[in-house]
Amino acid sequence: MKSSFNVHFLKVLFISLTIALLSACTEIRKSEPAIYLIPEGYVGSLYIIFNAPNGQPPKYEGNSRVYDIPPSGVLVTQMDVNEGRIESNKLRFYYVDKIGDRTPITERITSTIHDTPENRKDKKIIIFGGGLGEVEPINNCQINDQSFVIGRKSDLLDSKNMFDIFDAIKLKNSDGKFFDNMCPDRKRASPAVYLIPENYKGTFYIVYNAPKGTPAKYENGVPVFAIPPSGMLVTQAKSSAVWEENPPNWHFYYVNNEGDRTPIEGRWSSDNVTEGLVTFHTSVGAFEPTKGCNARFQEFAIGTSEEITKNTLYFDIYGEKGIKNMDKSIFKGACFLY
């Protein structure tokens, strides 16, 4: 009797597990079909950045997602990531001309393209890639993206108009503003005001956490860094715990002898040349003012875009204009261990 009960129990258990496994299989998520509309003649990298509250609203044709790629090659969309399995015939790519007519792009490859005469002569437009990615373009803000490359095999071999996701987010249609709402809980760089002697040009440094340095100054709770004519400020103030490129809460001013401030609005960028004065800063780093002492510092520069790009007015933190002739005792207490 006991034996037949065990057999019956095992049968019920087997059937239950089978039903559970079949149910689990039926719940495997399938991607939605998708249509990619690409400006006619576009060649190079294509990116779709997902889950951006300030991005383009979702578009559908029937049950298919529609990704309307702008001329920059970077679409920022409110849609979530299209995860899951999907048959290749459910992904359709088109070149779209100025009046909206569509030309199908049917050639897709996933393998490596070898540099051969045959591939160089191949004139067919192909789509390469399509993988999903996750990157952190700014501190504490993860984004999901999908990337493709489009063009002839020779275009791909020559890396024509290729760029990575970090370059993509700097393009005109995705200038980074959407990150404020995309990652509302991310840590931002601490606000700061930088006062620079009028007409000063070139590199300047701030060395932080030095107990014998200039006392920290604040205006309405915001730290103020008054740069001396030497371009070397050693301060008791702490460095920001977070670094990002050109945070909007950092403000730079020229200051004359009467204390009048002139805002410096321009910011240096490797992507374009800005007219007039610009400022530039690097991430907070460490240097060794005395043996066995690592201290935190940050390097800045002010000048024209050309002067900064060519390092025309640069000076090294260790050199004659840097700490070489300074009293090293000022750094006592600023040291930390890696």
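Everything quoted here is computed from the prediction, not taken from an experiment.

Bridge count for strand 6 (residues 91–96) against strand 7 (residues 102–105) is 4 bridges, and the pairing is antiparallel. Residue pairing in the sheet places tyrosine 95 in a bridge with threonine 103 of strand 7. If you look at the hairpin formed by strand 6 and strand 7, you'll find 5 residues sitting between the two strands, and glycine 100 has a positive phi there, around 95°.

Here we come to the pattern of salt bridges. Should their charged atoms come close, side chains of opposite charge can pair. The full count for this structure, using the stated rule, is 13 salt bridges. Where aspartate 115 meets arginine 120, a salt bridge forms, and the shortest distance between an N and an O atom there is 3.0 Å. Relative accessible area serves as the criterion here: at 30%, arginine 120 is assigned to the partly exposed category. Through salt bridges with shared partners, a single network forms among Glu32, Arg65 and Asp80.

Pairing within the open sheet is mixed, and its 5 strands lie in the order 3-4-1-6-7. For this open sheet the edge positions go to strand 3 (60–61) and strand 7, each flanked by a neighbour on one side alone. For strand 1 (residues 34–39) and strand 4 (residues 64–68), the ladder comprises 4 bridges, and the chain directions are parallel. Note that in strand 4 the partner of leucine 37 across the bridge is aspartate 68.

This model, assessed by the stated rule, comprises 21 aromatic pairs. Here tyrosine 194 and phenylalanine 300 contribute two aromatic rings whose centre-to-centre distance is 5.0 Å and whose plane-to-plane angle is 50°, an arrangement assigned as tilted. With tyrosine 194 in strand 11 (residues 192–197) and phenylalanine 300 in strand 21 (residues 293–304), the pair connects residues that are 106 residues apart, well separated along the chain. Just as tyrosine 194 is buried, phenylalanine 300 falls in that class too. When the centroid spacing of 5.9 Å and the interplanar angle of 65° are considered together, the rings of phenylalanine 287 and tyrosine 318 count as edge-to-face. Taken together, the residues span a long stretch of sequence, with phenylalanine 287 in strand 20 (residues 285–290) and tyrosine 318 in the segment after helix 6 (305–309) at a distance of 31 residues. Phenylalanine 287 gets classed as buried once you look at its relative accessible area, which sits at 3%. The partly exposed category is assigned to tyrosine 318, whose relative accessible area is 40%. What links up through ring pairs into an aromatic cluster is the set Tyr194, Tyr200, Phe204, Tyr208, Phe225, Trp250, Phe252 and Phe300. The ring of tyrosine 94 has arginine 102 sitting right over it, with the charged end atom 5.7 Å from the ring centre.

With that out of the way, let us pick up the side chain of threonine 279. With respect to the secondary-structure elements, threonine 279 resides in strand 19 (residues 277–281). In this view, threonine 279 contacts Phe252, Ile264, Gly266, Arg267, Trp268, Ala301 and Ile302; residues no more than four positions away in its chain are not counted.

Once that is clear, we can look at the pairing of strand 10 (residues 141–151). Taking burial as the measure, the 11 residues of strand 10 include 8 buried ones, the bulk of the element. When strand 2 (residues 44–49) meets strand 10, the two strands line up antiparallel, connected through 6 bridges. What sits directly across from isoleucine 48, in strand 10, is glutamine 146.

With respect to the helices, strands and loops of the structure, serine 240 is situated in the loop between strand 15 (232–234) and strand 16 (250–255). Its relative accessible area of 18% is what places serine 240 among the buried residues. Along the sequence, serine 240 and alanine 192 sit 48 residues apart, while their C-alpha atoms lie 9.1 Å from each other. For serine 240, the contacting residues outside a window of four places in its chain are Ala189 and Ser190.

This brings us to the confidence of the model for the protein chain. In this model, the protein chain carries an average pLDDT of 83, and 84% of its residues clear a pLDDT of 70 or more. Note that residues 1–28 has pLDDT below 50 and, in this model, 1 contact with residues that lie over four places away or in other chains.

Conventions used here
- Residues numbered from 1 in each chain as written.
- Predicted model: local features only at pLDDT ≥ 70, side-chain atom pairs only at ≥ 80, totals over all residues.
- Heavy atoms only, no water.
- Pairing = 2+ DSSP bridges.
- Helix = DSSP H or I, 4+ residues; strand = E, 2+ residues; numbered from the N terminus.
- Salt bridge = Lys/Arg side-chain N within 4 Å of Asp/Glu carboxyl O.
- Buried < 20%, exposed > 50% of the residue type's maximum accessible area, 1.4 Å probe, protein only.
- Phe/Tyr/Trp six-rings, centres within 6.5 Å; stacked < 30°, edge-to-face > 60°.
- Lys NZ or Arg CZ within 6 Å of the ring centre and 35° of its normal.
- Contact = heavy atoms within 4.5 Å.
- pLDDT = per-residue confidence, 0-100.

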